[in-house]
Amino acid sequence: MRRASRREFLGTAARLGVGAATATVLPLAVAGRACAAKPRRAASTSADVKTESVAGDSSLGAHGAAHGLLYGCAVNMNALGADAAYAALVREQCRIVVAENAMKWGALRPSAEGFNFDQADALVAFAEANRMKIRGHNLVWHQNNPKWFDATATKENARGLLVTHIETVAGRYAGRMHSWDVVNEAIDVAGGRADGLRNSVWLRLIDEDYIELAFKTAREADPQALLTYNDYGIEPETHAGEQKREAVIEMLRRMVARRVPLDAVGVQSHIAAAVSTDGNKSAASQVGAGLMRFIAAVRELGLQVFVTEMDVNDRALAADEPGRDAAVAAAYRQYLEMVLGDPAVRLVLTWGITDRYTWLGHEDGRADGKLERPLPFDAEGKAKAAFFAMRGAFDQREAAVSHG
Ligand code: G3I
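The paragraphs below set out a description of the structure included in this document.

Parameters and conventions
Residues numbered from 1 in each chain as written. Predicted model: local features only at pLDDT ≥ 70, side-chain atom pairs only at ≥ 80, totals over all residues. Heavy atoms only, no water. Helix = DSSP H or I, 4+ residues; strand = E, 2+ residues; numbered from the N terminus. Buried < 20%, exposed > 50% of the residue type's maximum accessible area, 1.4 Å probe, protein only. Contact = heavy atoms within 4.5 Å. Areas by Shrake-Rupley, 256 points an atom, 1.4 Å probe, with all protein chains shown as cover. Near = heavy atom within 4 Å. Polar contact = N/O pair within 3.5 Å; in protein donor to acceptor, adjacent residues only side chain to side chain. Nonpolar A, V, L, I, M, F, W, Y, C, P; charged D, E, K, R; others polar. Expected span 1.5 Å × (residues − 1). Phe/Tyr/Trp six-rings, centres within 6.5 Å; stacked < 30°, edge-to-face > 60°. Lys NZ or Arg CZ within 6 Å of the ring centre and 35° of its normal. Axes fitted to C-alpha atoms, helices over the stretch in contact; angles between N-to-C directions. Parallel < 35°, antiparallel > 145°, perpendicular 65-115°, else oblique. Left-handed = near helix turned anticlockwise from the far one by under 90°.

Summing up its helical and strand segments, the protein has 16 helices and nine strands in all. A burial count over the protein gives 55% of its 404 residues as buried. Intrachain contacts of the protein at a sequence separation of at least 6 include 78% that bridge at least 24 residues. For the protein, the exposed surface amounts to about 16500 Å²; the carbon and sulfur share of it is 51%.

Attention now goes to the site of the ligand. As a structural note, the neighbourhood of the ligand is formed by 13 residues, with Glu-100, Lys-104, His-137, Glu-309 and Trp-351 the closest of them. Within the side chain of Asn-144, one N or O atom sits 3.5 Å away from an oxygen atom of the ligand. For the ligand, whose accessible area on its own is 790 Å², the fraction buried by protein is 47%. Residues belonging to the shell around the ligand are distributed by class as follows: three nonpolar, six polar and four charged.

Moving on, we come to helix H16 (residues 385–396). Across its 12 residues, H16 extends 17 Å between first and last C-alpha, which sits within 8% of the 16 Å expected from 1.5 Å per residue. For H16, the tally of buried residues reaches 10 of 12 residues, placing the bulk of the element in the interior. Inspection of H16 places Ala-385, Ala-386, Phe-387, Phe-388, Ala-389, Met-390, Arg-391, Gly-392, Ala-393 and Phe-394 among the buried residues, and these make up the whole buried set. Each element contacted by the buried residues of H16 is listed here: helix H4 (60–65), strand S1 (70–75), helix H6 (84–93), helix H15 (321–339) and strand S9 (345–350).

On inspection of all chains with the given rule, the structure shows 11 aromatic pairs. Arranged with centres 6.1 Å apart and planes meeting at 45°, the rings of Tyr-71 and Phe-394 form a pair that is tilted. On the criterion of sequence distance, the pair formed by Tyr-71 in strand S1 and Phe-394 in helix H16 is long-range, its members being 323 residues apart. When its relative accessible area of 0% is taken as the criterion, Tyr-71 is described as buried. Residue classification places Phe-394 among the buried residues on the basis of a relative accessible area of 0%. Taken together, a centroid distance of 6.2 Å and an interplanar angle of 80° make the contact between Phe-117 and Tyr-173 edge-to-face. In this pair, Phe-117 sits in the loop between helix H7 (105–108) and helix H8 (118–129) while Tyr-173 sits in the loop between helix H10 (158–172) and strand S4 (179–184), placing the two residues 56 residues apart along the sequence. Following the ring pairs from residue to residue traces out a cluster consisting of Trp-105, Trp-148, Phe-149 and Trp-202. The aromatic ring of Phe-115 is capped on one face by Arg-109, whose charged end is 4.0 Å from the ring centroid. Lys-244 extends its terminal NZ or CZ atom over the ring of Tyr-232, reaching a point 3.9 Å from the ring centre.

On to unusual backbone geometry, then. A cis amide bond, omega -10°, links His-137 with the succeeding residue Asn-138. Considering the arrangement of structural elements, one finds Asn-138 in strand S3 (residues 133–140). The residue Arg-131 is not glycine, and still its phi comes out positive at about 50°. At Asp-207, a position not held by glycine, the phi torsion is positive, near 80°. Here Asp-207 lies in the loop between helix H11 (201–206) and helix H12 (210–221).

What follows concerns the packing of H10 against H12. Describing two packed helices takes the angle between their axes plus the distance from one axis to the other. Put simply, H10 and H12 touch, their axes get as near as 9 Å, and they point 30° apart. Of the possible angle classes, the one that applies to H10 and H12 is roughly parallel. As for how H10 packs across H12, the hand of that crossing is right-handed. Across from Arg-159, Leu-162, Val-163, Ile-166, Glu-167, Ala-170 and Gly-171 in H10, the residues of H12 making contact are Tyr-210, Leu-213, Ala-214, Thr-217, Ala-218 and Ala-221. When its residues are assigned to classes, the contact of H10 with H12 shows nine nonpolar, two polar and two charged.

With that out of the way, let us pick up the environment of Ala-170. Locating Ala-170 in the fold gives a position in helix H10. Residues Ala-170 and Pro-223, 53 residues apart in the sequence, show an inter-C-alpha distance of 9.7 Å. Excluding residues within four positions of it along the chain, Ala-170 makes contact with Leu-139, His-165, Trp-180, Ala-221 and Asp-222.

Another aspect to go through is the packing of H15 against H16. Two elements in contact, H15 and H16, have axes separated by 8 Å at closest approach and are oriented at 15°. Taken together, H15 and H16 sit at an angle that is classed as roughly parallel. Judged by the sense of rotation from one axis to the other, the crossing of H15 with H16 is right-handed. In this structure, H15 contributes Asp-325, Val-328, Ala-329, Tyr-332, Arg-333, Leu-336 and Glu-337 to the contact, and H16 contributes Ala-385, Ala-386, Phe-388, Ala-389, Met-390, Gly-392, Ala-393, Phe-394 and Gln-396. Its residues assigned to classes, the contact of H15 with H16 comprises 11 nonpolar, two polar and three charged.

Right, dumping it as structure tokens:
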């Protein structure tokens, strides 16, 4: 008998009134034959994970919470509205969510005058209905600005545009947000500036104090949200990674010295599972002391550290899925066990939760054109080895911090 895919299953389970939280262990039952969930055992490959419970107390959210961590994911709002199995998976696994795109300028600002909050409001409603916390992403970025912006923004009006945007957006959800990515990716060492600041439209029009202006405006608009600086490329144990870490920490030190309101740093954590000569090391092992020094330096500034956008791309790996899944799982395990060793790390979000909707592969994907497998659940919503690797890394974490 063909086993129902998770997607079909959760649809059936919903019609049968079976809660999503238990549907994970019911595939065989709803497909027409009863089965007791097999005793838990260490699962190592996707093939082994089909009967393990991954919901309720076995979910990533529950295991994270048991160790002082919030786990969640970036949410694709189109999928959330159209794909019941996806919505059930997010509900089952996450304690915090962030909009992948719905709270960016590109989504919120169809015109210079108007705001469109439909998808942002839908995410906030979904999160609050499911007692999840919410991250906002993002208030200032060099990408995804609407077309009218480039034609309209000038040195004269840019400050007003920025302040109005932040006051309107952060003000709309004041008191309801766990945190905001206030400024995203402001450092680009390759740009050549001594301070490493990216030559973005915001720098060109407002100069470097756009960063301070953004954080101060956000604090006034929502005094309860944890204000976050978010960036990528901080992870690798490379010269470029070290340069970026130095530029970011120096910027953070300047901000703290000037009492710019700032509470946390987001380390995006888009990493790669690359098989090296010994076949075992993953790219995560190319992440190490430099990142941990950076995290310690952030902690010493009195700031929290959030893993904000984690995924593990498998584009350099051979095509076989079990091999890719094992390498991706190893990268999750190594990376998370390392960073979770620092008590300042309070959040882990993956950038998506199922391979079905990953952003990876739409541009520079796998050479063989196969869908990448970077996330804890596969395209059918089945838990992969990465799921168990993440959960194991959470379990390794001493409950070093309790959530504020
Ligand atoms: O919604 C439009 C659709 O109407 C249109 O037909 C289609 C084709 O042009 O584009 C759709 O918008 C796309 C949007 O994703 C929603 O799918 C944009 O073109 C596309 O550029 C956008 O890509 C997002 C990207 O940020 C840029 O905003 C990715 O989904 C998203 O995963 C990615 O996320 C970023 C974080 O925000 C910051 N850190 C890096 C991370 C990965 O790049």
